[in-house]
Amino acid sequence: MITKLSDQEIQTRMAQLGTILGETWKLKDSKLHISIKFPDFVSAFTFMTTTAFYAEKLNHHPEWSNVYNRVDINLSTHDAGGITELDFKLAELITISAGNC
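The following refers to the structure shown. (Residues numbered from 1 in each chain as written. Predicted model: local features only at pLDDT ≥ 70, side-chain atom pairs only at ≥ 80, totals over all residues. Heavy atoms only, no water.)

Observations concerning the sheet that holds strand β1 (residues 26-28)
- The strand order across the open sheet formed by four strands is β1-β2-β4-β3, and the pairing between neighbours is antiparallel. If you trace the sheet from one side to the other, it starts and ends with β1 and β3 (63-67), each paired once. Adjacent strand axes in the sheet meet at a mean angle of 30 degrees, parallel and antiparallel pairs treated alike.
- Alignment of β3 against strand β4 (residues 70-75), held across five bridges, turns out to be antiparallel. Paired with Glu63 across the two strands is Asn74, which belongs to β4.
- Against the sheet, helix α2 (residues 41-58) makes contact with β2 (31-37), β3 and β4, and its axis sits at roughly 160 degrees relative to β3, the strand it touches most.
- Relative to the sheet, helix α3 (residues 85-99) contacts β2 and β4, its axis offset from that of β4 by approximately 160 degrees. (Pairing = 2+ DSSP bridges. Helix = DSSP H or I, 4+ residues; strand = E, 2+ residues; numbered from the N terminus. Axes fitted to C-alpha atoms, helices over the stretch in contact; angles between N-to-C directions. Contact = heavy atoms within 4.5 Å.)

Listed below in structure tokens is the structure:
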């Protein structure tokens, strides 16, 4: 079973996450959140496609939306009722993915 992280653990892990195109991960509605603006739609969609493969490998899927060149992402683990280490693993992979687009 996956365990929800404490507030202190979340703060510590958030400080370790990198930035994506100048944007940082934040807490929003008890979820890890980031809003990324890409140069264009193709870059945003390429990022989402790459990220989808990472999410599928982890069997952990983001709540996300895309409007033209912007991608909004929220991460939490529903089964645990909050943010877990799995969310941070996906956030790290998302950060790597964005750097490759």
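Regarding the packing of aromatic side chains
- Inspection of every chain in the model, using the stated rule, returns two aromatic pairs.
- Seen from their ring centres, Phe38 and Phe47 are 5.0 Å apart, and the 35 degrees between their planes marks the pair as tilted. Each member of the pair, Phe38 together with Phe47, is buried. (Phe/Tyr/Trp six-rings, centres within 6.5 Å; stacked < 30°, edge-to-face > 60°. Buried < 20%, exposed > 50% of the residue type's maximum accessible area, 1.4 Å probe, protein only.)

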